[in-house]
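Here is what each chain is made of, one letter per residue.
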Amino acid sequence: MASMRAKTSSFSRNQSALPLAQTPGIKPGPNGATFISTGIPDLDKILGGGFPLGSLIMIMEDAEAPHHLLLLRNFMSQGLVHNQPLLYASPSKDPRAFLGTLPSPISSKDEKSRNTDAEQEKGLRIAWQYKKYFGEQQQNSENHRNAMEYCNEFDLRKPLERQILNAQRIDCFSSQDSPNLTAFRDRCSSFLAQLPRNDGGNRGNVCAGRIAIQSFCAPQCGYSKMEWDMLSFIRSLKSKVRSSNAVAVITFPPPLLSPSFSKRWQHMADTLLAVRAIPEDDKELAKLLTGYQDMVGFLHVHKVAQINTQVPVILEATTFSIKLQRRRSLVLERLNQAPVDGSSGNSYDGSGSCSSSSKSTILDF
């Protein structure tokens, strides 16, 4: 019987993971990890691809401004665009009303240029032997467009189309209606039971789900004073998410917790982020940073998920500025020090000059 068994090796490729590359909204990563997009292209690049499936992400809120909702809205909208099931929990009485504030994806420039090229191609009279060449070019652009759809850019001014909201599997839960965490735990368990992770067999029809929990320890919740119960819930949710094709995002305000429990919550997270608002009249900070007038807050990356590896992720930067482009799309940029003299030159006098004198206009090598 032993001779009839198929020979396997620990170095053989896992063929069951190959269909993930063709699944919309899912991207294979290193060390056998699988990513789903955060809904922010810049954040995907910072984290090395997005949020790994089976991971728990925690976002520390700022009491001065609801910047965490910017990240949460993009995260939820990205999942709905990719037809991914969503479980949203909120301390408000009617959490479904929050769905009306989700942003709509912005049409990509590739789509516009692609339509323009198609119109020009119709007006051209070319020989039949060149049609194959143009067909290959169109197929390459189509593949590039599909690859870019992994993460969309969203317009915060335009709400998500109602037909998208009605066509998806969306489960909303109000934490006000739960005096304890039993009903909430059961709701998360039933949601994750629909998204089991099958490490073997056919994975051609993989469906990823998203859980978004807003302000988990808000005073409106009946369990806001049950710190040990909330910690037990997070530990249970993390273990269930780890064995499913889902990602859970929890936002919480650290000042509402005791320092010891706040540290425990942060330790439970696979990926830990923090948002912070900046005052509009901080003149000292405006002199220190470039583009201060366009900033709405800061994003700090405390920890990045490590899946199937013990090598820590080393980021080039941990603090990023949160900005809104002219179309009110969310972007993240590294912080740059403003010039000392207030001009557009170098931040440090003479540090970027090739000559011995910084006043010389001729480069002396």
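Look above for the structure.
Everything numeric here is computed off the predicted structure, so don't read it as measured data. (Residues numbered from 1 in each chain as written. Predicted model: local features only at pLDDT ≥ 70, side-chain atom pairs only at ≥ 80, totals over all residues. Heavy atoms only, no water.)

Draft legend 1. Here's a closer look at the sheet that holds strand E10 (residues 246–252). With mixed pairing, 9 strands are arranged side by side in an open sheet as E8-E5-E9-E10-E4-E11-E12-E13-E14. Looking at strand neighbours, the two that pair on one side only are strand E8 (170–174) and strand E14 (330–334), the edges of this open sheet. Sheet twist, expressed as the average angle between the axes of neighbouring strands with direction ignored, equals 20 degrees. (Pairing = 2+ DSSP bridges. Helix = DSSP H or I, 4+ residues; strand = E, 2+ residues; numbered from the N terminus. Axes fitted to C-alpha atoms, helices over the stretch in contact; angles between N-to-C directions.)

Draft legend 2. Summary view of the packing of aromatic side chains. Counted according to the given criterion, the structure contains 10 aromatic pairs. With 5.0 Å between their ring centres and 15 degrees between their planes, Tyr-88 and Phe-98 make a pair best called stacked. Highlighted residues: Tyr-88 in strand E5 (residues 86–90) and Phe-98 in the loop between E5 and strand E6 (103–105), separated in sequence by 10 residues. Judged by its relative accessible area of 0%, Tyr-88 falls in the buried class. Using a relative accessible area of 10% as the deciding quantity, one classes Phe-98 as buried. For the ring pair Phe-184 and Phe-216, a centre distance of 6.3 Å and an interplane angle of 50 degrees mean the geometry is tilted. Here the residue Phe-184 occupies a position in helix H6 (residues 182–193), and Phe-216 occupies one in the loop between strand E9 (209–213) and helix H7 (227–242), the gap between them amounting to 32 residues. Members of the aromatic cluster, connected to one another through ring pairs, are Phe-173, Phe-184, Phe-216, Tyr-223, Phe-233, Phe-252 and Trp-265. Its end group placed over the ring of Phe-261, Arg-264 keeps NZ or CZ at 5.2 Å from the ring centre. (Phe/Tyr/Trp six-rings, centres within 6.5 Å; stacked < 30°, edge-to-face > 60°. Buried < 20%, exposed > 50% of the residue type's maximum accessible area, 1.4 Å probe, protein only. Lys NZ or Arg CZ within 6 Å of the ring centre and 35° of its normal.)

So far we have only geometry, and geometry alone does not tell us how the molecule works.
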